[in-house]
Amino acid sequence: MDDTSEKEKKTSEQNEKDQDTAGKKTPKQGKPGSGKRVSSGQKSPKGGKAEKGRATPSKGNAKTKAAEDKKVEDAPPAEGEGEEGIPEGMVALFLSSKSQEIFHCRADQDVTEENPIKIITKQEILDDMRNRAAVCDFHPIKQEVIDYPSDEILVVYDFDFKFGQNFYCAITEEAKEKFLNPQGPDGGEGGDQEEEMVYTYIPPEPKDWVSLGSEKEIKEESVTENRRRLKVSVKRIRREFGAPYSFKDRNVADAKDGCIDCTSFDDRTFDLKKIELDKCIQSIPDFTDMGTQTDWKYPRNACTQYQPREFSQKEKEQLENSKNLQTSAESVTPRFKLALQQNEIMDVFYIDWLHLGNAEENFGNKSDNHLKEYQSFTDLQFSKEKSITCIQWHPTVKGVVAVSVAEKMTFDERIDSAAKVIMTPSLILIWSFADPIHPQLLLEAPDDIYSFQFSPSDPNIICGGCYNGQVVLWDISAHADRLKQPRGGNRNKKSNVLPGFEDPNALKTPIVRYCAVSSIENSHRAAITDVQWVPDHMEVNRMGVPQENKSMQSCQVMTCAADYSILFWDTRPPKGPGQLNLIPKVEKEDKSQLGVPTTFKHLDLSWKPMLKVHLHKSEPGGDHSPVKFSIQEKQGDRRALSKATDATDMSRENAMGGGFYSNKPGSGKDKRTLQSVKTHFYVGTEDGEVVYVDWMPVKDQDTGKIVTPKPDFYHAIHDGPVNTVQRSPFFSDIILCVGGWTFTVWKEGVTEDISENKKKTGPILQSCANPVKLTTGHWSPSRPSVFFIAKHDGSVDVWDLLDKTHEPTLTQSVSPSAITNIYPFQVSQKQHLLAVGDHAGTLHILEIPWSLRQPTPNEVSGISNYFEREVKRRSFVVMRWDFRENEKREIEQEHKRKAGIAPNVVLTDEEIEYRLKQEYQAYIDEESAFLRELGLLKEEDDPLPET
């Protein structure tokens, strides 16, 4: 029986070798280039032994041998594809496209010919087997996967179908290690194997320590105790030990060290400079024995704890059996039961005062101190992938807000994609709270609008500034009723309309075309960044003189752009002051062919500015590029009319020689001049400068031309473009400026007194640099000490100057995108809303809490006193600057006097004038001598004396 089994074994081994030999093909028979790859399963060139990957398993592992035979039978190499036998421990495997997606090993994407290796966890394969059962491509080797010792299985992409399938898998840890760590050309069964070296740890032998003098140095640098220790003896009379003592209250102020409470705090002024210290240490710790009797502690607030005295068991039994205890318990039992019943009926610890009803709870609680999301508006067609550039609330209709959107492109990107920008409509979206999904009106513009404003006298008139520098006018009088309709009114449904005869265009949003646009030749040369209507009680003539507007309707607009200029525009027909038809009413029949009102037909494509303010710089290096501006006069404040005077030829035609300006609207010969109107105004520039300039032109002494005067002062205080210049609604001389990473608060008139020294000009309040860039700001319409600051990270800071001046009172995140514009609006006395527009085209409406909309008692006087204190503080700083400069000058003169240097002679005003007259006379004499030499000057003979 043994001989027969031995023969069968040899026969099976021989058949296995024959199958391997028969399955191999020369490189010529296989695919082109496939014979160049050398597998670990090829025969060794040195020895003629069997292949490395086809080694016969040991006798004792019959199960492994049977599994190997089964793999060879299940996955034979395909005809014309397999060139070599598969290595030992590897199994050819076919993975379908679905399996490749499941295990993230898509052919030629996740695994390639250069990077064919993919590691799949064992748990993923088992989960797939449970989900798909026999459909799973790993089902043929299910048992091998279960018996696999490691958690990660190696799968290799077979690009050339070398083993008959598109993948092959390692089912043993040895095959995985051999594939990941292949041996060199001399390795394998027929090569020389490296000897395995065993390292044995030999502990080091201790050596005698040799002194090099370090212990002496350490001893010298060490701190040793040289003084004798203090000994304290505490004595007490013996009879006082254990004596009863009665505690009593004592005032801590009676004793010096009665109570010392040192609480920790953060000292922001603490400044400690780290210096380098020379210290020595010993690597071996020293054993020291120290002791003390008591450890003194500084006095502090503490308490004393006593050990309770308990009754003994005998005393407890006596008390329980006493009649007094039983009598007392029987007397209090009814009251105890009554108290328990009351606790079941109601909570006796409920504090009614904290839960009283509040009349403000419908519009926010007094304790609320955060902005609440009220509503949001966004349109997937018109505002998608666009940025909100300007927000304006409707002046008369509550619940209506208008926003302008623009492409999120730089100037270079607009040039590159000019075709797309031209085909994309530029719109202003007018939203209503009645319909948060669809906009009520769409105002069409020739280019993206960056600033617009409703007319203060007629809200149906809107003026906007385009990116290309043109000024646009809209008239929405025909659609005014649409904005005033209640919720659902925009459906335009009628009760008497028959079914099937409804208007299909009733639900569409109307698009209103602009009715007038300025000519490109006379418009700005850059994008218009700010548009403001001149208040209706005044108008400015062509010489910049403010005059009375008798019609009491706004007819002039101010615009600014980065082309160094601010322009004044007049909407009236240029036919003289007699025709004051400012804003004609729109009739139903008075429309052009496109349905555009003819309100401003006389201005379309021929509109020109009437006054230009060019911002010159005092020194060379370019002019100022205005971004925002603010004038002192505001709508509704008509105190200037009471101080108006009759005009006496204020057009300056006599001074200019006559004929400089024609008789057009704004010349103002028959109108009263508003003497109290301040023609100076603040301008924020693109370079972070705050400029204070006069819009009234003056005559240049050198050229004789009419030019804008140079600014009174300008201060480059912001580290970025100034995006907000706004006056306080409560104080006309307080201005908020936001730009870059800082904001400033200015007081008009303070800087004029000290404008001679440029370093003395500045705001009364300046913030420190914020970690996030500031995008815009706005004053609160109800609280004079509160203003809002929007930031680039999508958050809003609320500042209350009466509460804190070094940090915001509230910081709240509103949007994940950068905030571009904010505008608070007072809907009613009990509800204030804050409109926030972000860079993603979404308009967020937030509800302002009670604490930020309700002014505190005497808040106006409190913030006014604060501004006055800041002005006095600033004047004191200026005085100290002058004092220090004079002191420094005197010290320098004293040093020069001691050094023997002659002091500089300081001339008086009379001496300076006399010296200038002498220099001028010398110039006249030299000029006369020069003309005399040329023969151009005849000398007059002196007359003879009379006899």
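Preceding this paragraph is the structure being described.
Computed from a predicted model, the values in this text were never measured in an experiment.

Undergrad: Describe the nonpolar core, listing the residues and the values that go with them.
TA: Judged by nonpolar contacts, the single largest core of 27 residues is most densely connected at Ile-566, Phe-568, Phe-681, Val-683 and Trp-695. Of all the elements in the fold, those that place two or more residues in this core are strand E16 (538-540), strand E18 (556-561), strand E19 (565-570), strand E20 (611-614), strand E24 (680-685) and strand E25 (689-694).

Undergrad: Any chance you could break down the side chain of Ser-387 for me, citing the residues and the numbers?
TA: Within the element layout of this structure, Ser-387 appears in strand E6 (residues 386-393). A polar atom in the side chain of Ser-387 sits 3.1 Å from the side chain of His-839.

Undergrad: Which residues make up a negative patch on the surface, and what values go with them?
TA: There is a patch of like negative charges on the surface, built from Glu-217, Glu-220, Glu-221, Glu-276 and Asp-278. Position of Glu-220 relative to the elements: it lies in helix H7 (residues 214-221). Overall, Glu-220 belongs to the exposed group, its relative accessible area being 59%.

Undergrad: So what's going on with helix H9 (residues 323-345)? Which residues, and what values?
TA: With 23 residues, H9 extends 34 Å between its outermost C-alpha atoms, agreeing within 8% with the 33 Å of an ideal straight helix rising 1.5 Å per residue. Along H9, the sharpest change in direction is near 40 degrees and occurs at Thr-333; proline Pro-334 comes one to four residues later.

Undergrad: Explain the packing of aromatic side chains residue by residue, including any values.
TA: Inspection of the entire model under this criterion finds 25 aromatic pairs. Seen from their ring centres, Trp-779 and Phe-787 are 5.3 Å apart, and the 70 degrees between their planes marks the pair as edge-to-face. With relative accessibility at 0%, the residue Phe-787 sits in the buried group. Put simply, the rings of Tyr-374, Phe-377, Trp-393, Trp-431, Phe-433 and Phe-825 pair up and form one aromatic cluster.

Undergrad: Outline the environment of Val-472, listing residues and values.
TA: Structurally, Val-472 can be placed in strand E12 (residues 471-475). Overall, the relative accessible area of 0% leaves Val-472 in the buried class. Separated by 44 residues in sequence, Val-472 and Ala-516 have C-alpha atoms that sit 5.9 Å apart. Setting aside residues no more than four positions away along its own chain, Val-472 makes contact with Pro-446, Ile-462, Cys-463, Gly-464, Cys-466, Tyr-514, Ala-516 and Val-517.

Undergrad: Tell me about the sheet that holds strand E30 (residues 734-739), residues and numbers included.
TA: In space, the four strands of this open sheet follow the order E29-E30-E31-E32, with antiparallel pairing throughout. Of all strands in the sheet, those with a lone pairing partner are strand E29 (722-727) and strand E32 (765-766), marking the two edges. The sheet contact formed by E30 and strand E31 (residues 742-747) spans six bridges and is antiparallel. Looking across to E31, one finds that Leu-736 is bridged to Val-745.

Undergrad: Describe the side chain of Asp-475, with residues and values.
TA: Assignment of secondary structure puts Asp-475 in strand E12. Separated by 2.6 Å, the side chains of Asp-475 and Ser-477 make a polar contact. A polar atom in the side chain of Asp-475 sits 2.5 Å from the side chain of Thr-599.

Conventions used here
- Residues numbered from 1 in each chain as written.
- Predicted model: local features only at pLDDT ≥ 70, side-chain atom pairs only at ≥ 80, totals over all residues.
- Heavy atoms only, no water.
- Core = buried A, V, L, I, M, F, W, Y, C linked by side-chain atoms within 4.5 Å.
- Buried < 20%, exposed > 50% of the residue type's maximum accessible area, 1.4 Å probe, protein only.
- Helix = DSSP H or I, 4+ residues; strand = E, 2+ residues; numbered from the N terminus.
- Polar contact = N/O pair within 3.5 Å; in protein donor to acceptor, adjacent residues only side chain to side chain.
- Patch = residues over 30% accessible without salt bridge, like charges linked within 9 Å, V, L, I, M, F, W, Y side chains within 5 Å.
- Areas by Shrake-Rupley, 256 points an atom, 1.4 Å probe, with all protein chains shown as cover.
- Salt bridge = Lys/Arg side-chain N within 4 Å of Asp/Glu carboxyl O.
- Lys, Arg positive; Asp, Glu negative; His and termini not counted.
- Charge placed at Lys NZ, Arg CZ, Asp CG, Glu CD.
- Expected span 1.5 Å × (residues − 1).
- Bend = angle between axes of the 7 residues up to and from the residue.
- Phe/Tyr/Trp six-rings, centres within 6.5 Å; stacked < 30°, edge-to-face > 60°.
- Contact = heavy atoms within 4.5 Å.
- Pairing = 2+ DSSP bridges.

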